[in-house]
Amino acid sequence: MLEVKRALAAGASGRDREKVQRHIAHMSTLGVKPPPHVPMLYPLLPTLVTNATDIGVIGNDSTPEIEAVLFRAGGVDYLTVGSDHTDRRIEAVSALQGKNSCPKIVATAAWPVSEVLDHWDSLTLRSRCGNTLLQEGALSHVMTCENLMVFVREQDGDQAEGRLVFSGTVSTKATPPKGDVTIRLELADPVMQRSLTHDYTVHVRREYFPAAP
């Protein structure tokens, strides 16, 4: 069982820097401030990390964000799949606060990194809501495992035991509908013909006595 001592989320972590800059420019037109550093690293509250299959969020402005998740437990580095679920309305004001406003989902199973390192780039992330493909992309589109861990060590130190890192996300194909929805996360390994999956349902909570407009 992993005791999460530190949790971090990488952002703007795509390997294609020109594509990353175009994405940042596009997000700026939507009111999201550009990150002060590329790539970026955000601290997360460890208590937000959960294997839950049901989560609660406030309002309709949060969306899933599928990512590879790296962590070390018992001196071994592991890889799993997760969702950097984020409130987009809050993110437009503060990316850090937006990311820390929702639970961070991780699957209950994982692979030792040593089993996938030689074919890392072929691993593929997919997320779905019902029959709708929300996101899909290979890990070749984000920072390599080695480069990501070097970046994390530079910013967060060498103490890796109990540290959990979200890698950054892949291309968006569709936006999930608002309201209560179920998200399926998948990390596929085509070389070893296996996959990690995790489903979670989002339950929207609202104020009982909202302020008058």
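These numbers come from a predicted model, not from an experiment.

Colleague: Help me get a handle on the pattern of salt bridges, residues and values and all.
Modeller: The tally for this structure, following the rule as stated, stands at 15 salt bridges. A salt bridge links Arg89 to Asp61; its shortest N-O distance comes to 3.4 Å. Taken together, the residues span a long stretch of sequence, with Arg89 in helix H2 (residues 88-91) and Asp61 in the loop between strand E4 (54-58) and strand E5 (62-63) at a distance of 28 residues. You can call Arg89 exposed: its relative accessible area is 52%. Asp61 gets classed as partly exposed once you look at its relative accessible area, which sits at 30%. Of the charged contacts in the structure, one is a salt bridge between Lys104 and Asp84, with a shortest N-O distance of 2.4 Å.

Colleague: Kindly report on the packing of aromatic side chains, identifying the contributing residues and their values.
Modeller: Overall, the coordinates contain one aromatic pair when judged by the stated rule. Their ring planes at 20° and their centres at 5.4 Å tell us that Phe71 and Tyr78 sit as a pair that is stacked. In this structure Phe71 comes out as buried when scored by relative accessible area, which is 14%. Stacked on the ring of Trp111, the Lys or Arg Arg194 has its end atom at 4.3 Å from the ring centre.

Colleague: Just give me the short version of unusual backbone geometry, but keep the residues and values in it.
Modeller: Most peptide bonds take the trans configuration, and most residues that are not glycine carry a negative phi. Following Val38, the chain continues to Pro39 via a peptide bond in cis, the omega torsion being -5°. Examined against the element boundaries, Pro39 turns out to sit in the loop between helix H1 (17-29) and strand E2 (40-44). Despite not being glycine, Ala12 has its phi angle at roughly 50°, a positive value. Note on placement: Ala12 falls in the loop between strand E1 (6-11) and H1.

Colleague: Tell me about the sheet that holds strand E11 (residues 124-129), residues and numbers included.
Modeller: Spatial strand order, E4-E15-E14-E11-E12: five strands in an open sheet with mixed pairing. Among the strands making up the open sheet, the edge pair consists of E4 and strand E12 (132-138). Sheet twist, expressed as the mean angle between neighbouring strand axes with direction ignored, is 20°.

Thresholds applied
- Residues numbered from 1 in each chain as written.
- Predicted model: local features only at pLDDT ≥ 70, side-chain atom pairs only at ≥ 80, totals over all residues.
- Heavy atoms only, no water.
- Salt bridge = Lys/Arg side-chain N within 4 Å of Asp/Glu carboxyl O.
- Helix = DSSP H or I, 4+ residues; strand = E, 2+ residues; numbered from the N terminus.
- Buried < 20%, exposed > 50% of the residue type's maximum accessible area, 1.4 Å probe, protein only.
- Phe/Tyr/Trp six-rings, centres within 6.5 Å; stacked < 30°, edge-to-face > 60°.
- Lys NZ or Arg CZ within 6 Å of the ring centre and 35° of its normal.
- Pairing = 2+ DSSP bridges.
- Axes fitted to C-alpha atoms, helices over the stretch in contact; angles between N-to-C directions.

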